[in-house]
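Listed here are the chains, written in short residue letters.
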Amino acid sequence: MTDYVESQRLVLRQFTADDADLLIELDSDPAVMRFLTGGEPSMSDDEVRDQVIPNLLAAYERWGGRFGLFAGYEKATDDFIGWFCLRPEREGPLDEVELGYRLRRDAWGEGYATELSNALVDKGFSELGVSTVWGETMALNVASQQVMTKVGMSVVASVPTPEGMQGVEGAELGGYRFEITREQWELLRERRAE
């Protein structure tokens with residue numbers, strides 16, 4: 001299996017047809033799903049096996065392996081820590097991509113989300129011809145906002161809570177759209193190199 005991107009402690013790989021149980025376990029943790037579904041699994045086990053996994057594999061094909069949703073692993077243990085995505089919207093331009101992540105609870109607080117998000121942003125701008133990386137998060141999800149801020153993204157708009165998430169804690173507060181452009185990333189890289 002070819003690695004998609006790696007950082008100091010972590011590696012991202014494409015999901016395989018045999019990885020449904022990883023997604024099922026992740027989505028079954030109420031704490032992980034708190035700001036997405038109010039703590040409930042987002043879909044049934046059969047939906048993960050019969051729809052989600054085939055859709056992930058099809059997306060790798062559609063985008064030639066350049067974009068998608070990827071499985072994250074610790075290098076030292078090869079333990080699954082969650083998933084990360086770098087992908088355009090289905091019918092959107094290929095140079096505007098979403099950054100997203102969902103980590104197992106036991107991987108929280110280790111800096112993993114920031115570490116791999118930095119690696120993905122760098123890959124997007126340096127290798128994939130991306131012009132903008134964006135992400136959205138709920139107003140109450142401060143941890144996710146901190147990750148986006150640490151990788152150089154900033155709030156560009158308030159966004160309403162998506163239709164299917166109206167019952168989630170803090171839904172009335174909506175959320176935020178974060179972005180970083182290629183130009184902003186280049187300036188940030190220059191500053192970090194000084």
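Residues numbered from 1 in each chain as written. Predicted model: local features only at pLDDT ≥ 70, side-chain atom pairs only at ≥ 80, totals over all residues. Heavy atoms only, no water.

A.B. asks: Could you give an account of the UniProt feature "domain: N-acetyltransferase" (unreviewed entry) in the protein chain, with specific residues and numbers?
C.D. replies: Taking the UniProt record as the reference, the feature "domain: N-acetyltransferase" (unreviewed entry) is found at residues 10-183. The span residues 10-183 carries 32% helix and 28% strand; its end-to-end C-alpha distance comes to 27 Å. (UniProt positions renumbered as here; feature names shortened; annotations may be inferred. Helix = DSSP H or I, 4+ residues; strand = E, 2+ residues; numbered from the N terminus.)

A.B. asks: Outline the pattern of salt bridges, listing residues and values.
C.D. replies: By the definition in use, this model includes 14 salt bridges. Measuring nitrogen to oxygen at the nearest pair gives 3.1 Å for the salt bridge that ties Arg13 to Asp78. Here the residue Arg13 occupies a position in strand S2 (residues 10-14), and Asp78 occupies one in the loop between strand S3 (68-74) and strand S4 (80-88), the gap between them amounting to 65 residues. Residue Asp78 is classed as partly exposed on the basis of its relative accessible area of 43%. Connected through salt bridges with shared partners, the residues Asp3, Arg13 and Asp78 form a single ionic network. (Salt bridge = Lys/Arg side-chain N within 4 Å of Asp/Glu carboxyl O. Buried < 20%, exposed > 50% of the residue type's maximum accessible area, 1.4 Å probe, protein only.)

A.B. asks: Just give me the short version of the environment of Gln184, but keep the residues and values in it.
C.D. replies: Within the secondary structure, Gln184 is located in helix H6 (residues 182-193). A relative accessible area of 37% places Gln184 in the partly exposed class. In sequence terms Gln184 and Leu99 are 85 residues apart; their C-alpha atoms lie 16 Å from each other. In this structure the side chain of Gln184 is engaged in a polar contact, spanning 2.8 Å, whose partner is the backbone nitrogen of Thr181. (Polar contact = N/O pair within 3.5 Å; in protein donor to acceptor, adjacent residues only side chain to side chain.)

A.B. asks: Could you give an account of the packing of aromatic side chains, with specific residues and numbers?
C.D. replies: Taken as a whole and assessed by the stated rule, the structure comprises seven aromatic pairs. Plain terms: the ring middles of Trp63 and Phe67 are 6.4 Å apart, the flat faces sit at 85° to each other, and that makes the pair edge-to-face. For the pair formed by Trp63 and Phe67, the shared burial category is buried. Here the aromatic residues Tyr4, Tyr60 and Phe70 are joined through ring pairs into a cluster of three or more. Over the ring of Tyr73 we find Arg13, and its NZ or CZ is 4.9 Å from the ring centre. (Phe/Tyr/Trp six-rings, centres within 6.5 Å; stacked < 30°, edge-to-face > 60°. Lys NZ or Arg CZ within 6 Å of the ring centre and 35° of its normal.)

A.B. asks: For the pairing of S3, give the residues involved together with the corresponding values.
C.D. replies: Across the seven residues of S3, seven count as buried, placing the element largely inside the fold. Strand direction decides the pairing type here: S2 and S3, joined by five bridges, are antiparallel. By the bridge assignment for S3, Arg13 is matched with Ala71. With six bridges joining them, S3 and S4 adopt antiparallel strand pairing. Residue pairing in the sheet places Leu69 in a bridge with Cys85 of S4. In this antiparallel pair of consecutive strands, S3 and S4, the connection spans five residues, and Asp78 shows a positive phi of 60°. (Pairing = 2+ DSSP bridges.)

A.B. asks: Let's hear about helix H1 (residues 20-27): which residues, and what values?
C.D. replies: Among the residues of H1, Ala20, Leu23, Ile24, Leu26 and Asp27 are the ones counted as buried. Taken end-on, H1 shows its buried residues confined to a sector of 165°, consistent with a single buried face. Tucked into the core, H1 has its buried residues touching helix H3 (45-62), S4 and strand S5 (96-103). (Arc of directions from axis to C-beta. Contact = heavy atoms within 4.5 Å.)

A.B. asks: For the nonpolar core, give the residues involved together with the corresponding values.
C.D. replies: Of all hydrophobic cores here, the largest spans 52 residues; its most connected members are Phe15 and Val133. Here the element with the most residues in this core is helix H4 (residues 112-126); it accounts for seven residues. Apart from the residues within four sequence positions on either side, Val133 is in contact with Leu86, Val97, Leu99, Val121, Phe125, Met153, Phe178, Glu179 and Ile180. (Core = buried A, V, L, I, M, F, W, Y, C linked by side-chain atoms within 4.5 Å.)

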